[in-house]
Amino acid sequence: MIDFKEILSVSLILFSVIDILGSIPIIINLRKKVGHVQSGKATLVAGVLMILFLVAGKSILGLFGIGVEDFAIAGALIIFALGAEMILGIELFKPDPEATAGASIVPIAFPLIAGAGTLTTILTLKAEFAQLNIAIGIVLNLVFVYAVLKSTTWLERKLGKTGLDVLRRIFGIILLSIAVKIFKTNVFPSEMF
C-alpha cells in the first residue's frame, strides 16, 4: 500500500546516504579526467542494482545465513561511518583512483550512487518500510541523481564550496541520527523501552 509518509522518509534517508550533492566534487573531477560522464547510463545501472538488491537482497543474505536484523545492525554501523565521514571531513571509504575507464558505471553508478552504504540502507529499510514505498523512494532519488549528474557544472557555480560543505554536514547529522535509530531498533527489542 502506498504511504506518502513512508515514501518521504525512505526518500530522505536514501538522499542522505547516496549524498549525490556531496559527490559533486568527485563527479566534476572525474569529468575532467575522462571528458564525459553518461548521466543516463550511470543512473540506469545504479537503479537496476538498487531494485535488484531490494527484491533479492534477503535471499542473498539467506545464502550466508545472515538475518535482516543482523544486516540492519551492520548497515547502521556503515551509515554511522558515512555520517561521521561527512561531518568530520575525513575519508573512510576511498574510491579507486585508477578506475577511470567506463566512469559512467565505475565509480559513478557503483559505488558512488549504489554503493555499499546505499545497498545496506535499502535492505535495512525493508525491516521498517513496505517494499513498494522503498521502490518509489528509490525511483524518486534516481530522478534527482540524474538531474544532478546532468547539471554538476551549474550546481558547482551556484552552491560554491561553502554551500556544498554545509549540505554535506547537514546530511551527515541526519545520517548519524538514522544510524542510531536503526541500531537501537534492532539491538534492543521495543518492549525494553
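For the structure, check the block above.
Cut-offs applied
Residues numbered from 1 in each chain as written. Predicted model: local features only at pLDDT ≥ 70, side-chain atom pairs only at ≥ 80, totals over all residues. Heavy atoms only, no water. Helix = DSSP H or I, 4+ residues; strand = E, 2+ residues; numbered from the N terminus. Rg over C-alpha atoms; globule rule 2.2 N^0.38 Å. Buried < 20%, exposed > 50% of the residue type's maximum accessible area, 1.4 Å probe, protein only. Areas by Shrake-Rupley, 256 points an atom, 1.4 Å probe, with all protein chains shown as cover. Lys, Arg positive; Asp, Glu negative; His and termini not counted. Charge placed at Lys NZ, Arg CZ, Asp CG, Glu CD. Axes fitted to C-alpha atoms, helices over the stretch in contact; angles between N-to-C directions. Parallel < 35°, antiparallel > 145°, perpendicular 65-115°, else oblique. Left-handed = near helix turned anticlockwise from the far one by under 90°. Contact = heavy atoms within 4.5 Å. Expected span 1.5 Å × (residues − 1). Bend = angle between axes of the 7 residues up to and from the residue. Polar contact = N/O pair within 3.5 Å; in protein donor to acceptor, adjacent residues only side chain to side chain. Salt bridge = Lys/Arg side-chain N within 4 Å of Asp/Glu carboxyl O. Phe/Tyr/Trp six-rings, centres within 6.5 Å; stacked < 30°, edge-to-face > 60°.

J.: Could you give an account of the overall build of the protein, naming the residues involved and the relevant values?
T.: Per the secondary structure count, the protein includes eight helices and zero strands. Along the protein, from the amino end to the carboxyl end, the secondary structure elements read α-α-α-α-α-α-α-α. The C-alpha radius of gyration of the protein comes to 17 Å, within 12% of the 16 Å expected for a compact globule of 193 residues. Dimensions of the protein, computed from the C-alpha atoms along their principal axes, are close to 55 × 35 × 30 Å. Going through the 193 residues of the protein one by one, you find that 42% of them count as buried. A total accessible area of about 10,300 Å² is found for the protein, and carbon and sulfur atoms account for 69% of it. Side chains of the protein give 16 positive and 13 negative charges; the mean places of these two sets differ by 9 Å.

J.: Provide a residue-level description of the packing of helix 1 (residues 4–18) against helix 8 (residues 152–187), including the pertinent values.
T.: At a minimum axis distance of 9 Å, the contact between helix 1 and helix 8 shows a crossing angle of 120°. Classified by the angle their axes make, helix 1 and helix 8 are oblique. When you trace helix 1 past helix 8, the crossing you get is left-handed. In this structure, helix 1 contributes Ile-13, Phe-15, Ser-16 and Val-17 to the contact, and helix 8 contributes Phe-171, Ile-174, Leu-175 and Ile-178.

J.: Summarise helix 8; cite the residues concerned and give the values.
T.: In this model helix 8 runs just 40 Å from its N-terminal to its C-terminal C-alpha over 36 residues, more than 12% under the 52 Å that 1.5 Å per residue would give. Along helix 8, the sharpest change in direction is near 90° and occurs at Gly-160.

J.: Talk me through the environment of Leu-30; I want residue IDs and the actual numbers.
T.: Of note, Leu-30 is situated in helix 2 (residues 24–34). Each C-alpha atom, one on Leu-30 and one on Pro-107, is 9.1 Å from the other, the two residues being 77 residues apart in sequence.

J.: Explain the side chain of Asn-133 residue by residue, including any values.
T.: Its location among the elements puts Asn-133 in helix 7 (residues 131–150). Here the side chain of Asn-133 touches Glu-6 through a polar contact of 2.7 Å, side chain to side chain. Beyond its immediate stretch of four places on either side in the chain, Asn-133 contacts Met-1, Ile-2, Asp-3, Glu-6, Ile-7 and Val-10.

J.: Give a description of the pattern of salt bridges that names residues and reports values.
T.: Per the stated rule, a full pass over the model turns up one salt bridge. Taking the shortest distance from any N to any O, the salt bridge between Lys-181 and Glu-128 comes out at 2.9 Å. Residue Lys-181 is found in helix 8, and its partner Glu-128 is found in the loop between helix 6 (116–125) and helix 7; the two are separated by 53 residues along the sequence. Its relative accessible area of 46% is what places Lys-181 among the partly exposed residues.

J.: For the packing of aromatic side chains, give the residues involved together with the corresponding values.
T.: Each aromatic ring pair is specified by the distance between its two centres and by the angle formed by the two planes. Following the criterion strictly, the structure yields one aromatic pair and no others. Centroid distance Phe-15 to Phe-144: 5.0 Å. Interplanar angle 65°. Geometry classified as edge-to-face. Within this pair, whereas Phe-15 is found in helix 1, its partner Phe-144 is found in helix 7, the two being separated by 129 residues in sequence. Residue Phe-15 is classed as buried on the basis of its relative accessible area of 15%. The class of Phe-144 is partly exposed, set by a relative accessible area of 34%.

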